[in-house]
Amino acid sequence: MSNEEHIDQAISKLYQSSKKAEPSTEIDAAILVQARERLNKNKSKQAKPSVNKWQRWVVPLSTAALVVMGVSITLKIMNQPQTSYQLEMPVTETGFIEKKALKDEAAVPAEQPAATMMLEAESDAMMQEIQEEQPARALQSIAPKAKARASTIEKAQKSEHKKSLQRSAPMAPEAMGIRPNSEVLNAPLKESVSSEIEWSDPEAWIARINQLLDNAQKGKAIGELERFVIAYPEYPLPLELNKLLNDE
Amino acid sequence: MLSDENLFSQFLKGDINAFEKLYARYRESLYTYLLRSSRNHAEADDIYQDAWSRVINAKVPFTTGTFKSYIFKIARNLQIDHHRRSHIHLVGDNEQLEDIADSKPTMERQLDGEDCGDRLLSEVAVLPYDQRDAFLLKEESGLTMEQIATMLEVGRETIKSRLRYAMKRLREALEDCL
């Protein structure tokens, strides 16, 4: 080792032995606080659940897929040839009768509950009487009432049978060999009939036709007869009326 | 004893004690380097705090070199930036001096009865910037000539030459002490 190197080492030793400078305690504290803050910030960042790339794109991708799907379905539906599934009503000369029959059928349920309710009310009243009076006495007093009730029920059954006959689908007049004139068919049904009773009661209607014949109103009678045949195609006509119809 | 690098990576993982140990190791040497290099207390305080702030907020551990060269390089670069902004020339003897560097001639100081230590510091303070920087880096950081050369991005011979000139001036000034 040369003399210069010895002197350099001595200078270095002298420098190291000199008093060192120190930063102020405020600076020390500020730096340590800053270091702690950084670590706390890192901890709070780690605590937050990280959202990966896929999770970030879930909502926009789903929305886009829905839109594409909706548009494609709409386009496909629009491009399909239109098919009509509506059934056409048969146009026949007896159409008006079918319509009337359907109307009546719809009207029946409204009438039936009223009759049923009346009968129910009667039977309730009878049951109350039985409960209130002695059974023996009650039987004696009820007997005539029961008879009257039985006849009422019989009448109601008859009227229902007539109504069901009216409601059954009428056969086409052509099938029966009848050619009704267009005036008769086009005329409203209710107007041609003198009253609602005649329309609902075939016997009364026949009686009415006979009456027209007696009064020498043959044209009217034939018209009524044709309507009658249309309304009650299965009804057995009296011989003279049948003959009249065939002649026409 | 854990190395500086281990302490630093432990700090980045969340260990505040590791940082406190690391800070204690470089507290005096870094501050002394900055103060004797800049010769201005306020400037040394600012740059010292700023340098540690950079270390604290580092996103990733440094990849090359040692922690020692890492923090000294940060401090030195900040000091150069500061001088650039303040338009202070660091290349020669025309630097702005503060109380630390006494510009009195060596003979006068000898007559004033200063001890050798104080005289050495005074002589260091009046060294040209490059020589002073090389001398202080060697003495305060303890880095080898190669490490200093790498840090300053200059050749090893350049650092060797700067140090040789610095030591020559100091030898001449402290002849009666040695």
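Chemist: What exactly am I supposed to notice about the interface of chain B and chain A here?
Modeler: A common measure of how large an interface is: the accessible area buried when the components associate. The partner chain A presents 26 residues to the 35 residues of chain B that form the contact. Taken over both partners, the interface formed by chain B and chain A buries close to 3000 Å², and the fraction arising from carbon and sulfur atoms is 63%. When the shortest N-O distance is used, the salt bridge between B:Glu140 and A:Lys20 registers 2.9 Å. There are 16 residue pairs in polar contact (both at pLDDT 80 or more) connecting chain B and chain A. At the level of secondary structure, the elements contributing two or more residues to the side of chain B that touches chain A comprise helix H1 (4-12), helix H2 (16-38), helix H3 (41-56), helix H6 (116-125), helix H7 (129-141) and helix H9 (156-173) of chain B. It is H2(B) that provides the largest number of residues to the side of chain B that touches chain A, a total of 10 residues. Among the residues making up the side of chain B that touches chain A, the classes are represented as 20 nonpolar, six polar and nine charged.

Chemist: What should I look at first to understand the state of the cysteines in this one?
Modeler: Among covalent bonds in proteins, the disulfide is the one between the sulfur atoms of two cysteines. All names here are of chain B. What the rule picks out here adds up to one disulfide over all chains. Across the disulfide, Cys116 is cross-linked to Cys177 (sulfur-sulfur distance 1.9 Å). The S-S bond linking Cys116 to Cys177 shows a torsion near -90 degrees; that makes this disulfide left-handed. One end of the pair, Cys116, is in helix H6; the other, Cys177, is in the segment after H9, and 61 residues separate them in sequence. When its relative accessible area of 23% is taken as the criterion, Cys116 is described as partly exposed. According to the relative accessible area criterion, Cys177 is partly exposed, its value standing at 22%.

Chemist: Looking at this structure, how should I read the packing of aromatic side chains?
Modeler: In this description, a pair of aromatic rings is defined by centroid distance and the angle of the planes. One pass over the full model with this rule turns up 20 aromatic pairs over all chains. With a centroid separation of 5.4 Å and 90 degrees between ring planes, the pair formed by A:Phe228 and A:Tyr235 is classed as edge-to-face. Residue classification places A:Tyr235 among the partly exposed residues on the basis of a relative accessible area of 26%. A ring pair is formed by B:Phe8 and B:Phe11, whose centres lie 6.5 Å apart and whose planes are at 35 degrees; its orientation type is tilted. Taken together, the positions of B:Phe8 and B:Phe11, both in helix H1 and three residues apart, correspond to about one turn of that helix. Residue classification places B:Phe11 among the buried positions, given a relative accessible area of 0%. Through a chain of ring-to-ring contacts, the aromatic side chains of B:Phe8, B:Phe11, B:Phe19, B:Tyr23, B:Tyr26, B:Tyr31, B:Tyr48, B:Trp52, B:Phe67 and B:Tyr70 assemble into a single cluster.

Chemist: Would you take a moment to explain a nonpolar patch on the surface for this structure?
Modeler: Together, A:Leu66, A:Met69, A:Ile73 and A:Ile77 give the surface a local cluster of nonpolar side chains, amounting to about 430 Å² of exposed area. Here A:Leu66 shows up in helix H3 (residues 53-79).

Chemist: Is there a simple way to think about the environment of A:Leu244 in this case?
Modeler: All names here are of chain A. Of note, Leu244 is situated in helix H11 (residues 239-247). As for Leu244 and Leu225, which are separated by 19 residues in sequence, their C-alpha atoms are 9.1 Å apart. In this structure, Leu244 is in contact with Leu213, Lys218, Ile222 and Leu225, ignoring residues within four places of it in sequence.

Chemist: What's the story with helix H10 (residues 218-231) of chain A in this structure? I'm lost.
Modeler: Note on helix geometry: an α-helix contains 3.6 residues per turn, so any two residues three or four positions apart are oriented the same way. Residues and elements named next belong to chain A. The end-to-end C-alpha distance of H10 is 20 Å, a good match for the 20 Å that 14 residues give at a rise of 1.5 Å each. Within H10, 11 of the 14 residues are buried, leaving the element largely enclosed by the surrounding structure. Taken residue by residue, H10 has Ala221, Ile222, Gly223, Glu224, Leu225, Glu226, Arg227, Phe228, Val229, Ile230 and Ala231 as its buried positions.

Chemist: Teacher, can you tell me more about the confidence of the model for chain A here?
Modeler: As a note on interpretation, predicted positions should not be read in detail where pLDDT is low. With 56% of its residues at a pLDDT of 70 or more, chain A has an overall mean of 73. Within chain A, H3(A) carries the highest mean pLDDT (90), whereas helix H7 (residues 189-192) of chain A carries the lowest (48).

Chemist: What's the story with the nonpolar core in this structure? I'm lost.
Modeler: By size, the foremost hydrophobic cluster in this structure holds 54 residues, and its most contacted members are B:Phe8, B:Phe11, B:Tyr48, B:Trp52, B:Phe67 and B:Phe135. Sort the elements by how many residues they give to this core and H2(B) lands first, with 11 residues. Excluding residues that lie within four positions of it along the chain, B:Phe11 makes contacts with A:Ala35, A:Arg38, A:Leu39, B:Ala18, B:Phe19, B:Val55 and B:Ile56. Counting 15 residues, the second-largest nonpolar core is a separate cluster that includes A:Ile222, A:Tyr232, A:Leu241 and A:Leu245.

Chemist: Just to check I follow, could you spell out the side chain of B:His83 for this structure?
Modeler: With respect to the element layout, B:His83 can be found in helix H4 (residues 67-86). Separated by 2.6 Å, the side chains of B:His83 and B:Glu43 make a polar contact.

Chemist: How should the pattern of salt bridges be read in this particular structure?
Modeler: Side chains that differ in sign of charge can pair as their charged atoms come close. Within the structure shown, the criterion is met by 16 salt bridges over all chains. Ionic pairing is found between B:Glu140 and B:Arg36, a salt bridge with its closest N-O pair at 3.8 Å. Residue B:Glu140 is found in helix H7, and its partner B:Arg36 is found in helix H2; the two are separated by 104 residues along the sequence. Here B:Glu140 matches B:Arg36 in class, with each residue buried. Taking the shortest distance from any N to any O, the salt bridge between B:Arg156 and B:Glu157 comes out at 3.7 Å. Residue B:Glu157 is classed as exposed on the basis of its relative accessible area of 52%. Through salt bridges with shared partners, a single ionic network connects A:Lys20, B:Arg36 and B:Glu140.

Procedures and definitions
- Residues numbered from 1 in each chain as written.
- Chains lettered and ligands numbered in written order.
- Predicted model: local features only at pLDDT ≥ 70, side-chain atom pairs only at ≥ 80, totals over all residues.
- Heavy atoms only, no water.
- Contact = heavy atoms within 4.5 Å.
- Buried area = accessible area lost by both parts, 1.4 Å probe.
- Salt bridge = Lys/Arg side-chain N within 4 Å of Asp/Glu carboxyl O.
- Polar contact = N/O pair within 3.5 Å; in protein donor to acceptor, adjacent residues only side chain to side chain.
- Helix = DSSP H or I, 4+ residues; strand = E, 2+ residues; numbered from the N terminus.
- Nonpolar A, V, L, I, M, F, W, Y, C, P; charged D, E, K, R; others polar.
- Disulfide = S-S within 2.5 Å.
- Buried < 20%, exposed > 50% of the residue type's maximum accessible area, 1.4 Å probe, protein only.
- Phe/Tyr/Trp six-rings, centres within 6.5 Å; stacked < 30°, edge-to-face > 60°.
- Patch = residues over 30% accessible without salt bridge, like charges linked within 9 Å, V, L, I, M, F, W, Y side chains within 5 Å.
- Areas by Shrake-Rupley, 256 points an atom, 1.4 Å probe, with all protein chains shown as cover.
- Expected span 1.5 Å × (residues − 1).
- pLDDT = per-residue confidence, 0-100.
- Core = buried A, V, L, I, M, F, W, Y, C linked by side-chain atoms within 4.5 Å.

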